[in-house]
Every structure is written in C-alpha cells, then in structure tokens.
Amino acid sequence: MPRWRKALFGRQRFPDNHVDQTFLSDLRTNVCLRHYRYWPVVCESSVVVQQLSAVCGFGVLWRLMLGGALGAETLFAHSLAMALVVYLLHQLLGPRDRGPQGATTRWMDLKSTGIFVAFTYGFSPVLKTLTESISTDTIYAMSVFMLLGYIVCFDYGADTVMVSSCLSVNMGLFSAVCLASRLPSVFHAFTTVCVALQLFALWPVFLKKLKACYPGLHLVVTVTVFVLVTVSLLWVSLGFALSFSILVFTIVFVCPHLLLTLQRRKDNIHGPWDEAEIKDDLSQFLG
Amino acid sequence: MVSDFFYPNMGGVESHIYQLSQCLLERGHKVVVVTHAYGRRRGVRYLTRGLKVYHLPLRVMYNQSTATSLFHSLPLLRWVLVRERVGLVHAHSSFSSMAHDALFHAKALGLRSVFTDHSLFGFADVSSVLTNKLLAVSLCDTSHVVCVSHTSKENTVLRAALDPARVSVIPNAVDPTDFTPRAGGRPDPRTLTVVVVSRLVYRKGIDLLAGIIPELCQKYPNLHFLIGGEGPKRIVLEEVREKYQLHDRVRLLGALEHKDVRNVLVQGHIFLNTSLTEAFCMAIVEAASCGLQVVSTKVGGVPEVLPEDLIILCEPTVKFLCEGLESAIKRQQLGTLPSAEAIHNRVKSLYSWRNVAERTEKVYDRVTKEMVLPIDKRLKRLMTHCGPVAGCIFALIAVLDVLFLFFLRWLVPDDIIDIAVDATGVKGVWKQQESFSTIKKHGKTPRNNCKVQT
C-alpha cells in the first residue's frame, strides 16, 4: 500500500481524517527555554529592593520633615553632600574621561544641576501652593498611586510594555510635588523635590553603573540601604517596618522560588504553524 | 453554512463558503447561508442557483466579526434553523463569533454540527490563549471538524485538545475558469515581472518584501515588481520605492477587487508570497492556475499546497527569498518552465471545488450517522474537557442557553414558525430563468423583503 504523504494535492488512498504516525512529528516544546538558578535570581531581585527602599526612604524623610524631626536645611545640606559623593563615585566607576571631552561633560553636568536647582528654588513657592487646595486624603491617595506607578513602570531591565523610565521618573516627581504642599515652608517644598529627583532619577543611574562594574558591591549597597530604611521605618511605625521587611523577603526569596517552580511546569508549544520571526535587520532598507 | 464572513465581503473564507455551497447545490442538497447584515444588505437574498442567504441584523464589533453575548443571537438563529428545517449546521472560521454562537445553539437545538477552521493560531500570547479556550469549548462537542491543511489540523487538534480522528483535512480549491493564463502565453521575458497580491500587513511578510525589492532591483535591471493590495504596510513599500528611486520599476496598484486579480496575475512571470504564517494560501494556487512560477516562504501549510516543481520554497529571510527568486529568474531566462497552459491544466486537475464538495459530503454522511449528545452528556463533556473553571462557566452558559430555548419555544412554538419554501434541494423550486414570483406561486412567502440576485 502506498505511504501517506503530507500533501494536499493529488488523490491519496486514505480517508480525510486519517491520522498518520508522523502526526505532530514537527511539534517542539519549550524551545529557547531559559533555565534559572535560585541564587542568581535572588541576586537579580536586588534592583527591585533598591527601588522599594528608595520609595520608602523618601516617605520616611517626608514624614520626618512633616513632624519637624528633620529640618529642611539639614536634609538639603546632607543630600547635596551625598549627591556630590555619589557623582564622584559615578565618575570613578566609568571609563575615565580625561582631557577636554571629560571636562566638557563635567561642566555640562554642573550647568544642568545649577539650572535645575535655580529653577526649582525659584518655582518652589508655586510648587508649595500648587496642590494646597486639594484635600489631604486625596493628596495621600494620589501620592501612593504615583509611587506605586513609579515602582511598576521603572526600567528593571525587562523588555515589557509597561516599562517607561520617563513615565516612572515623572510619577515619582509628581508624588513629591503633591506631598510638598503639606510641608510647613517653601524651602521644605524645594528640598522635597530635590531629594525626590536624587532618589528617583539620579540614584538609579548610579546603581545601574555600579551593578555593571561591581555586582558584589551593588549587593552590599542594596543590603545597607535596606537595613537603613528598615531602621528608619521603625522610627516612624513598627507596622510599616514589618510590612516592608515581609514584602522585601517575599520579593527576594519567595518570588524566585515561585518562578523556578513555575518554570519547571512550563509547556510552550512550537511547530510549523507558528508565525515566522523576521530575523533580518531591515533598517538598512527602511532607514 | 454560518459565518460572519460572506459576500459582499471578499476573502478566502467567503469564497470557500460560496463555492462549496454552489457545489453542494449542484449535488442536490439544500444549502442556506447565514451571515450578518452588510450595510443596507439585510434580510434574505438569493445568489446564483438559488443559494439563499440570511443577512441577520447583528451588530459588527471588529473586523467584520459580530459582537456576541451568545444569547442574543439565539432567537434569530433558531427562527432560521426551524424555518429552513436545517439538519446540520456547518460553521466557518475561528474568528467568527457568529460561527461559535451557531455551534452552541445548534447543540442546544439537537442539530448536528461541523466546523471548518481556516486559520492558524499560536499558543503563547494572551489573545491566542483566550481564543484557544473558546475554540476548545466550541469544538469539544461538535460532531466533526474540517481543516484546510495538515498543518492546520495539527494546530487545531492541539489548540482545542481534540481527537485527531474527529478532524478531516479538506483543502480549498480554485475556480479554474476565474484563473486562466494569458492568451498567447507569458508576457515578454526580456522584462521580468514579479507579482505580489496580498493584504499589506505585517503577517504577510511585507517587511521581507521591502528588503527583497532593492536587493534584486539592483542586481537585475530588467526586473519589475507589480504589487496589488492595500494595508498599513503600504507606507513601508513607498519608502523603499522613494529611497531607491524605483518608481518606474515598482508599481503599487492599491486595493484590488476579486475580479481584477487574474488580470494582474497574468501580467507577471513570477508570483511571490512572503507570508509569515498561512494555513493554506489560496493566492499561490490562483497564481499557479494562471501559469506563474511561484516563490513562497516555507511556513504553515504552504509546503503541502503545490508539487515541488511548481513552487520554490524558501526560509522566511531576505537572503533565502532572494536566492529563491534568483533561481526562478534563471528558469525564466533559460526557458525550462512548462508552458502556462500546462501548469494551469495541472493545477485544475489537483484542485477542484467539486472534489471538495464530494469530500465534505462524506463528512456530512458520517456526522448524520452519529448521535447528538444529550444535554447531560454535553455538560459532562464541557466540564471534563474544558478545564475546571472554563468548563463550569460554559456548562452553566449551556444550561442557560437551553432554558432560554425552552422559554422561546413556549413563547413561539416551533409549529407556529412558518416553514420556508425550499429554493434549493430535492424539492427546490428555483429555476435559473424564473423570478421570485415563481416561488410565491409554490407556497408561503418569507416574511422578509427578499431580493433576487443571479
């Protein structure tokens, strides 16, 4: 008897519902599956912990300023000093820019900082009164949602739809502007926005560079920041400190375990029916 | 025949339903097509050979597919199925919500059901996951499933978790009278023309085409491209044409009517298909029927469609497609190809709608011998086959559907619904020359304002 062929043309001596031995022979499962190991995933989760710590740290600083336990001038001076130290470290980490080009870059950075500080200081009376008329509970709700948005949209290195560095930073700064209106003075508002910019825009840039150059040191910094934030949260509220610790523990230890468990059960189906991927770089034609 | 996709809309599914219906009418069956209203085209229409088409007033949601709540279509569909004394419901296309509705209601009415899947789906993205779950629900108690290619069968069996013996493979076909070669053979071989007829969308590989055009135009000064079709990727082709100054060698014809496709095809020597996924690909059969040498990407069901000597299959990359086109160009230049007429006759013998109808009839015969699942067994199958969550949800919907049907039967009993005059079938009164008044003479007239189209 003639063999069955996987062809639509020509008559075959088989019924139309014939199931041949070759049926689903082209089926492939879990092609290009990434295999994760537990501890590397735990280490990778540090980027999320860093952002959570930054958000909680910002919340603590704002709460301390609101209660009068921390002066705006003191915080501004400390944050400025810290920013300078981090900037110098950032310069040391990267490829050394010697000569005129490096000097130009540093001069540009200094100019940008000067302009930003001047403008923020000039507009701080506006920022202070901008959301003053909105009720406090609405301000808190908006700030919480914006900070959650900051955490969700932050670029952790994953290629997903919701990632948007620009949106993330804007959400962080918007929450700072909202909270600034509840502080006692114009200088408090100015300090809040400056600190928010450092924590939400500049600090992640430094951490990214640190992680690329010294992953071990990045982990040390993450743990240090986490401990500092947890201790400072204890100062504000025991409940918050516990919640934060549990959340971080879940993200660092439970979630990676969950990922690995689910990964073992993964069953992606591939075959000739899949839409082909265009692997060519067509930018030269479509430029 | 039930689907959202039917004339005046144009496409593979539409043409399949029409041609299959015509051949089934020829074989003495009574066939009724149910689709949604297209603009002012509502109510009942008659097409060639008295093919009766119901255009139901259902709201279109997206891409010619109707919005569905499952229940809102039951009164209308029940009315049609009872009026026409339908014994078997044949639904077409996974994209058609009316098709899924009809299958669901047919089972509640105790009718046999067949489903034809015309497309391929992935498994990973969210839309595919949801569509596949819906398909599993629709097909778990459908009597039989038809696919248009073996690859499509494998895909459907996996998507809907079906027994492969319940799935038949019956391909599409081509109407040989619509796609005949150019009188006097192929055009002048000194200027070679590559024809592309497709919707200009991503999944048809238009980005690949944009990479091929400048590469080959640079290499072959006598090569021209003739591109028919419309879509969002047209701008990409226009950019390429502009960038490489190929206005005299790349013609974009825009949207084509079905009747004009043949006239475009016969202007070329080579037909290029760059699809990234395809269940069957009617276009390559039509092109081969016009005597063109076919070059295509090796995706989906395409390798099953034409014999190796009529098609050059390539991996979906610019490099391999260029190589494939170059070998086709060499064949043209050397004159080693069979004549256009010979290729046409060969394709005509490989694919015919009469053969498709004959094979579909065998499926119908098989289905009529099977028992329709009673409601208790149907619910059990839904719950065991479709997963603990979806199974229970759809079992509940099936119960509600049956209860709604009981209510409709109480409100308007089946025997009150007037039986339509059979335009076609054993007792069909349709005559090609006669007008609608003849139908009036033979009995009750349909309540809708019917218009005749022959």
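Please read all numbers here as calculations on a predicted model, not as lab measurements.

**Considering the overall build of chain B**
Then, in step 1: From N to C terminus, chain B includes 15 helices and 16 strands.
Then, in step 2: Rg of the C-alpha trace for chain B: 24 Å, near the compact-globule value of 22 Å for 454 residues, within the 12% margin.
Then, in step 3: By principal-axis analysis of the C-alpha atoms, chain B measures approximately 75 × 55 × 35 Å.
Then, in step 4: Surface accessibility of chain B: about 18700 Å² in total, with carbon and sulfur atoms responsible for 57%.

**Structural notes on the UniProt feature "transmembrane region" (unreviewed entry) in chain A**
Residue and element names in this part refer to chain A.
Then, in step 1: The UniProt entry lists residues 68-89, 110-127, 139-158, 165-183, 189-207, 219-238 and 244-262 under the feature "transmembrane region" (unreviewed entry), expressed in the numbering used here.
Then, in step 2: Secondary structure over residues 139-158 splits into 75% helix and 0% strand, and the C-alpha atoms at its two ends are 31 Å apart.
Then, in step 3: For residues 189-207, the end-to-end C-alpha separation is 26 Å, with 100% helix and 0% strand making up the annotated structure.

**With respect to the interface of chain A and chain B**
Then, in step 1: Taken together, the 31 residues of chain A in the interface contact 52 residues of chain B.
Then, in step 2: Carbon and sulfur atoms make up 62% of the area that chain A and chain B hide from each other, which totals about 3400 Å².
Then, in step 3: Here chain A and chain B share two salt bridges between them.
Then, in step 4: Two residues, R359 of chain B and D16 of chain A, come together in a salt bridge whose shortest N-O distance is 2.9 Å.

**Description of the state of the cysteines**
Residues and elements named next belong to chain A.
Then, in step 1: Inspection of every chain in the model, using the stated rule, returns zero disulfides over all chains.
Then, in step 2: Free of any disulfide, C56 has its nearest neighbouring cysteine sulfur in C255, separated by 16 Å.
Then, in step 3: A disulfide-free cysteine, C213 has its sulfur positioned 17 Å from the sulfur of C43, the nearest such atom.
Then, in step 4: For C213, a relative accessible area of 35% puts it in the partly exposed group.

**Structural notes on the sheet that holds strand β8 (residues 144-147) of chain B**
Residue and element names in this part refer to chain B.
Then, in step 1: The parallel open sheet is built from four strands, whose spatial order is β6-β7-β8-β9. Looking at the sheet topology across the chains shown, the edges are occupied by β6 (88-92) and β9 (167-169). Neighbour-to-neighbour, the strand axes of the sheet open up by a mean angle of 20°, direction not taken into account.
Then, in step 2: Of the strand pairs in this sheet, β8 and β9 are connected by three bridges, and their pairing is parallel. Of the residues in β9, the one forming a bridge with V145 is V167.
Then, in step 3: Packing of helix α12 (residues 353-369) onto the sheet brings it into contact with β6, β7 (112-117), β8 and β9, and relative to β7 it is tilted by some 145°.

**Comments concerning the sheet that holds strand β13 (residues 270-273) of chain B**
In a beta sheet, neighbouring strands are held together by backbone hydrogen bonds and run either parallel or antiparallel to one another.
All names here are of chain B.
Then, in step 1: The sheet built from six strands is open, its strands ordered β12-β11-β10-β13-β14-β15 with parallel pairing. Looking at the sheet topology across the chains shown, the edges are occupied by β12 (250-254) and β15 (311-314). Here the average twist between neighbouring strands, direction ignored, is 20°.
Then, in step 2: Sitting on the sheet, helix α6 (residues 206-219) touches β10 (192-197), β11 (223-228), β12 and β13, and the angle it makes with β11 is about 155°.

**Things to note about helix α7 (residues 186-213) of chain A**
Then, in step 1: Taking 1.5 Å per residue, 28 residues should reach 40 Å; α7 of chain A reaches 40 Å between its end C-alpha atoms and fits that length.
Then, in step 2: The largest bend in α7 of chain A amounts to roughly 40° and is located at L202 of chain A, with the proline P204 of chain A lying one to four residues further along.

**Re the domain arrangement of chain B**
Residues and elements named next belong to chain B.
Then, in step 1: Once the domains are mapped, chain B shows domain 1 (12-173 + 355-416) and domain 2 (192-351).
Then, in step 2: A straight line from the C-alpha centre of domain 1 to that of domain 2 covers 34 Å.
Then, in step 3: Taken together, the contact pairs twelve residues of domain 1 with nine residues of domain 2.
Then, in step 4: Of the roughly 900 Å² buried between domain 1 and domain 2 on both sides combined, carbon and sulfur atoms contribute 64%.
Then, in step 5: Looking only at domain 1, the three residues that lose the most surface to domain 2 are L120, N172 and A173, adding up to 47% of its buried area.
Then, in step 6: Seen at the junction of domain 1 and domain 2, the total is zero salt bridges.
Then, in step 7: Linking domain 1 with domain 2 are four residue pairs in polar contact (both at pLDDT 80 or more), by the criterion used here.
Then, in step 8: Residues belonging to the side of domain 1 that touches domain 2 are distributed by class as follows: four nonpolar, eight polar and no charged.

The rules behind the values
Residues numbered from 1 in each chain as written. Chains lettered and ligands numbered in written order. Predicted model: local features only at pLDDT ≥ 70, side-chain atom pairs only at ≥ 80, totals over all residues. Heavy atoms only, no water. Helix = DSSP H or I, 4+ residues; strand = E, 2+ residues; numbered from the N terminus. Rg over C-alpha atoms; globule rule 2.2 N^0.38 Å. Areas by Shrake-Rupley, 256 points an atom, 1.4 Å probe, with all protein chains shown as cover. UniProt positions renumbered as here; feature names shortened; annotations may be inferred. Contact = heavy atoms within 4.5 Å. Buried area = accessible area lost by both parts, 1.4 Å probe. Salt bridge = Lys/Arg side-chain N within 4 Å of Asp/Glu carboxyl O. Disulfide = S-S within 2.5 Å. Buried < 20%, exposed > 50% of the residue type's maximum accessible area, 1.4 Å probe, protein only. Pairing = 2+ DSSP bridges. Axes fitted to C-alpha atoms, helices over the stretch in contact; angles between N-to-C directions. Expected span 1.5 Å × (residues − 1). Bend = angle between axes of the 7 residues up to and from the residue. Domains from an automatic or database assignment. Polar contact = N/O pair within 3.5 Å; in protein donor to acceptor, adjacent residues only side chain to side chain. Nonpolar A, V, L, I, M, F, W, Y, C, P; charged D, E, K, R; others polar.

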